[in-house]
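A closer look at the structure
The residues making up each chain are set out below.
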Amino acid sequence: MNIIEALKWRYAAKRMTGEKITDEQMETIIEAIRLAPSAYGLQPYTVIVTENKELLKEIYGKACPQIVVLQCSHLLIFKVKKRLDEDYMEGFLRELKRSRNTTDEYIESYRSKIHHVLLNPTVNTFNWAVHQTYIALGYATFAAAQLGIDATPIEGFNAGALNRLLSLNVAEEEAVVMLTLGYRNEKEDRLALQPKVRKPLNLLIERI
Ligand SMILES: Cc1cc2nc3c(=O)[nH]c(=O)nc-3n(C[C@H](O)[C@H](O)[C@H](O)COP(=O)(O)O)c2cc1C
């Protein structure tokens, strides 16, 4: 499928068949997440990948009663780091220096740019991190479509219950969005054959 075909083919499936996607496909989707851009390259998120049926049942029962959670092949849970501490930023800068073999001056100026944003009291670091996370979600969704795999972004869950279920330390991180991966059940899903509802171009794009 070319890009537009894949995007027209995909939709947020409400019913899946339970059929498994392969490890190789899963690795491709994970790699797409890894390669997603983020501000300063800081990737202020981590992603839980699970196909554990018991956990999926618990998530369905306690945090997200959307049936697709039970019917997916894999569930991705995108967690956001609520604050990027000195260790995190320095670790990133070390990796930047190592992988690009940059000068200390460059790293110093990069450090002050990062600090300018992330240590700025007027910046809501959590919101900033959430924005980055949704880009990764988009990459995963798009990569899945290219592979002919269905993917349903899910924001409609009880975040507190999910954080508790995953034993997350909410001072440090929180689950913000999920993505089910699998295959649509066309017979059971009333949305499977529905046309897309999107703005016409003239209401979406302003050319100047
Ligand atoms: C961030 C985000 C959260 C969403 N949350 C849910 C959700 O909780 N449950 C659901 O069934 N669909 C959810 N959706 C799917 C949207 O409803 C769907 O993408 C939108 O209606 C456009 O339709 P399409 O993706 O099928 O083309 C979500 C989509 C996004 C991008």
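Let me begin by describing the structure that accompanies this report. (Residues numbered from 1 in each chain as written. Predicted model: local features only at pLDDT ≥ 70, side-chain atom pairs only at ≥ 80, totals over all residues. Heavy atoms only, no water.)

1. Concerning the overall build of the protein chain
What counts is decided by this rule: In DSSP terms, a helix is any run of H or I states spanning at least four residues, a strand is any run of E spanning at least two, and both are numbered starting from the N terminus. Burial here depends on accessible area, computed with a 1.4 Å probe over protein chains only, as a share of the maximum for the residue type. Under 20% is buried, over 50% is exposed, and the range in between is partly exposed. In this description, contact between two residues means that some pair of their heavy atoms is separated by no more than 4.5 Å. Surface accessibility follows the Shrake-Rupley procedure with a 1.4 Å probe radius. Residue values consider only the protein chains on display as shielding. Counted as positive: Lys and Arg. Counted as negative: Asp and Glu, with His and the chain ends omitted from the count. The atom standing in for a charge is NZ when the residue is Lys, CZ when it is Arg, CG when it is Asp and CD when it is Glu.
Along its length, the protein chain carries nine helices and four strands. Along the protein chain, from the amino end to the carboxyl end, the secondary structure elements read α-α-β-α-α-β-α-α-α-β-α-β-α. The dimensions of the protein chain, computed from C-alpha atoms along their principal axes, are 60 × 50 × 35 Å. Within the protein chain, the fraction of its 208 residues that count as buried is 42%. Of the contacts formed within the protein chain by residues at least 6 apart in sequence, a portion of 80% connects residues at least 24 apart. For the protein chain, the exposed surface amounts to about 12100 Å²; the carbon and sulfur share of it is 53%. Positive and negative charge centroids in the protein chain, built from 27 and 26 side chains respectively, lie 6 Å apart.

2. What about the pattern of salt bridges?
What counts, and what does not: In what follows, salt bridge is the name for a side-chain nitrogen of Lys or Arg lying within 4 Å of a carboxyl oxygen of Asp or Glu.
This structure, assessed with the given rule, holds twelve salt bridges. Taking the shortest distance from any N to any O, the salt bridge between Glu51 and Lys20 comes out at 2.9 Å. Remark: Lys20 occurs in the loop between helix H1 (3-9) and helix H2 (23-35) and Glu51 occurs in the loop between strand S1 (45-50) and helix H3 (53-62); sequence separation between them is 31 residues. Residue classification places Glu51 among the partly exposed residues on the basis of a relative accessible area of 39%. With relative accessibility at 37%, the residue Lys20 sits in the partly exposed group. Glu90 is the salt-bridge partner of Arg111, the closest N and O atoms lying 2.8 Å from each other.

3. Some details on the nonpolar core
Cut-off, in case you're wondering: Buried residues of nine kinds, namely Ala, Val, Leu, Ile, Met, Phe, Trp, Tyr and Cys, make up a nonpolar core once their side-chain atoms join them within 4.5 Å.
Counting 36 residues, the largest nonpolar core has Ile29, Leu76, Phe78, Ile114, Leu118, Leu179 and Leu181 as the members making the most contacts within it. In terms of residue count, helix H7 (residues 125-146) provides more of this core than any other element does, eight residues in total. Core analysis: the next-biggest nonpolar cluster, separate from the first, contains 23 residues, Leu56, Ile154, Leu168 and Ala192 among them.

4. Concerning the packing of aromatic side chains
For clarity, the cut-off: Two aromatic rings, drawn from Phe, Tyr or Trp (for Trp, its six-membered ring), form a pair once their centres lie within 6.5 Å of each other, and the interplanar angle then sorts them: stacked below 30 degrees, edge-to-face above 60, tilted otherwise. Two limits define a charge over a ring: the Lys NZ or Arg CZ must be within 6 Å of the ring centre, and within 35 degrees of the ring normal.
The tally for this structure, following the rule as stated, stands at three aromatic pairs. Aromatic pair Tyr40 and Tyr110: ring centres 6.2 Å apart, planes at 80°, arrangement edge-to-face. Of this pair, Tyr40 sits in the loop between H2 and S1 while Tyr110 sits in helix H6 (residues 104-118), and the two are 70 residues apart along the sequence. On the accessibility criterion, Tyr110 (14% relative accessible area) is buried. Between Phe92 and Tyr110, the ring centres sit 6.2 Å apart and the planes meet at 40°, which makes this aromatic pair tilted. Taken together, the residues Phe92 in helix H5 (residues 86-100) and Tyr110 in helix H6 connect sequence positions 18 residues apart. Like Phe92, the residue Tyr110 is buried in the burial classification. Feature note: the residues Tyr40, Phe92, Tyr106 and Tyr110 constitute an aromatic cluster, connected by ring pairs. Across the ring face of Trp9, the terminal group of Arg184 is positioned such that the distance to the ring centre comes to 4.0 Å.

5. Structural notes on unusual backbone geometry
Positive phi is not limited to glycine here, since Asn101 has a value of about 50°. Locating Asn101 in the fold gives a position in the loop between H5 and H6. Residue classification places Asn101 among the exposed residues on the basis of a relative accessible area of 68%. The residue Ser167 is not glycine, and still its phi comes out positive at about 55°.

6. Things to note about a nonpolar patch on the surface
So the rule is basically this: Patch membership requires over 30% relative accessible area and the absence of a salt bridge. Like charges are linked within 9 Å, and nonpolar side chains (Val, Leu, Ile, Met, Phe, Trp, Tyr) within 5 Å.
Taken together, the side chains of Ile3, Ile4, Leu7 and Phe142 make up a nonpolar region of the molecular surface, amounting to roughly 340 Å² of accessible area. Residue contributions to the nonpolar patch peak at three residues, all from H1. Note that Leu7 resides in helix H1.

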